[in-house]
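Commentary on secondary and tertiary structure
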Amino acid sequence: MQIGFGYDVHKLVAGRKLIIGGVDIPHTKGLLGWSDGDVLIHAIIDALLGAMAEGDIGRHFPPGDERYQGISSLKLLNYVMELLRNRGYAVNNIDSTLVAEAPFFAPYTESIKENIAKTLEIKVGQISVKAKTEEGLGFTGTKRGMSAYAVCLIHKEVR
């Protein structure tokens, strides 16, 4: 078994959709990024890549590469799932935390988990998605951005 840890952060800006876990969440601002800016999926991708010792998200999907401009981060996660499979790994579980002052994410967490589970071809029960505020502190607390943390456990599949 191998463990991976991921972290990501994006600035909130006007004129962008807020996409978290592949879900379009109504909000006055969205996350700035070369792809769709899905901070949660990016943290999960980094955790999975880290567990495989495959570098980080920027190594696989470099900012500025036209192939990834505006792309759904779920498509990037699908690439990572294929990489996992090709390396002989399967996901045990993913635990993630979204850090944002607003909006309220509880109504969306089941849909987010379903998107992740479907993309990684695992059960929803293998995924935890939590949301926390920073009680007005720091850049997330002052609503200038959002961050996410993720940890995963993977194992070699018996074939």
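On a predicted model such as this, the values are computed, not experimentally measured, just so you know.

Note that strand β1 (residues 2–13) and strand β7 (residues 145–156) share 10 bridges and pair antiparallel. Note that in β7 the partner of Gly 6 across the bridge is Ala 150. Looking at chain direction, strand β5 (residues 89–99) and β7 are connected through 10 bridges and run antiparallel. Residue pairing for β7: Ser 96 is matched across the bridge by Ala 150.

For helix α3 (residues 73–86), which comprises 14 residues, the first-to-last C-alpha distance of 20 Å matches the rise-based estimate of 20 Å (1.5 Å per residue) to within 8%. For α3, the set of buried residues is Ser 73, Leu 74, Leu 76, Leu 77, Val 80, Met 81, Leu 83 and Leu 84. All buried residues of α3 project into a common sector of 160 degrees when viewed along the axis, lining one side. Residues Lys 75 and Asn 86 are exposed on α3 and point more than 90 degrees away from its buried face. Check the buried side of α3 and you find it contacts α1 (39–51), α2 (57–60), β5, α4 (109–120) and β7. Just downstream of α3 lies Gly 88, where phi reads positive at about 85 degrees.

Counting residues in each nonpolar core, the largest one holds 46 residues, and the members touching the most others are Ile 20, Ile 45, Leu 48, Leu 77, Ile 116, Met 146 and Ile 154. Of all the secondary structure elements, the ones that give two or more residues to this core are β2 (18–20), β3 (23–25), α1, α3, β5, α4, β6 (127–132) and β7. Top contributing element to this core by residue count: α1, with 10 residues. Among residues more than four places away in sequence, those in contact with Ile 116 are Ile 41, Ile 44, Leu 77, Ile 94, Ile 127 and Val 129.

This part covers the packing of aromatic side chains. One pass over the full model with this rule turns up 4 aromatic pairs. Between Phe 61 and Tyr 79, the ring centres sit 5.1 Å apart and the planes meet at 75 degrees, which makes this aromatic pair edge-to-face. Separated by 18 residues along the polypeptide, Phe 61 in the loop between α2 and α3 and Tyr 79 in helix α3 bring together distant segments of the chain. The buried category is assigned to Phe 61, whose relative accessible area is 8%. Overall, the relative accessible area of 38% leaves Tyr 79 in the partly exposed class. Clustering of aromatic rings is evident, with ring pairs tying together Phe 5, Tyr 7 and Tyr 149. Residue placement shows Lys 156 over the ring face of Tyr 89; its charged tip is 4.5 Å from the ring centre.

In the numbering used here, UniProt assigns the "binding site: a divalent metal cation" (unreviewed entry) feature to Asp 8, His 10 and His 42. Look at the named residues: they lie 35 residues apart in sequence, but the longest C-alpha span between them is just 10.1 Å, so in the fold they bunch up. Asp 8 gets classed as buried once you look at its relative accessible area, which sits at 14%. Among all residues touching Asp 8, those that are not within four sequence positions of it are Val 39, His 42, Ala 43, Met 146, Ser 147 and Ala 148. A distance of 2.8 Å separates polar atoms of two side chains, one belonging to Asp 8 and the other to His 10. You can see His 10 is positioned in strand β1. Overall, the relative accessible area of 14% leaves His 10 in the buried class. Not counting chain neighbours up to four residues away, the residues in contact with His 10 comprise Leu 31, Leu 32, Gly 33, Gly 37, Val 39, His 42, Gly 145 and Met 146.

Parameters at a glance
Residues numbered from 1 in each chain as written. Predicted model: local features only at pLDDT ≥ 70, side-chain atom pairs only at ≥ 80, totals over all residues. Heavy atoms only, no water. Pairing = 2+ DSSP bridges. Helix = DSSP H or I, 4+ residues; strand = E, 2+ residues; numbered from the N terminus. Expected span 1.5 Å × (residues − 1). Buried < 20%, exposed > 50% of the residue type's maximum accessible area, 1.4 Å probe, protein only. Arc of directions from axis to C-beta. Contact = heavy atoms within 4.5 Å. Core = buried A, V, L, I, M, F, W, Y, C linked by side-chain atoms within 4.5 Å. Phe/Tyr/Trp six-rings, centres within 6.5 Å; stacked < 30°, edge-to-face > 60°. Lys NZ or Arg CZ within 6 Å of the ring centre and 35° of its normal. UniProt positions renumbered as here; feature names shortened; annotations may be inferred. Polar contact = N/O pair within 3.5 Å; in protein donor to acceptor, adjacent residues only side chain to side chain.

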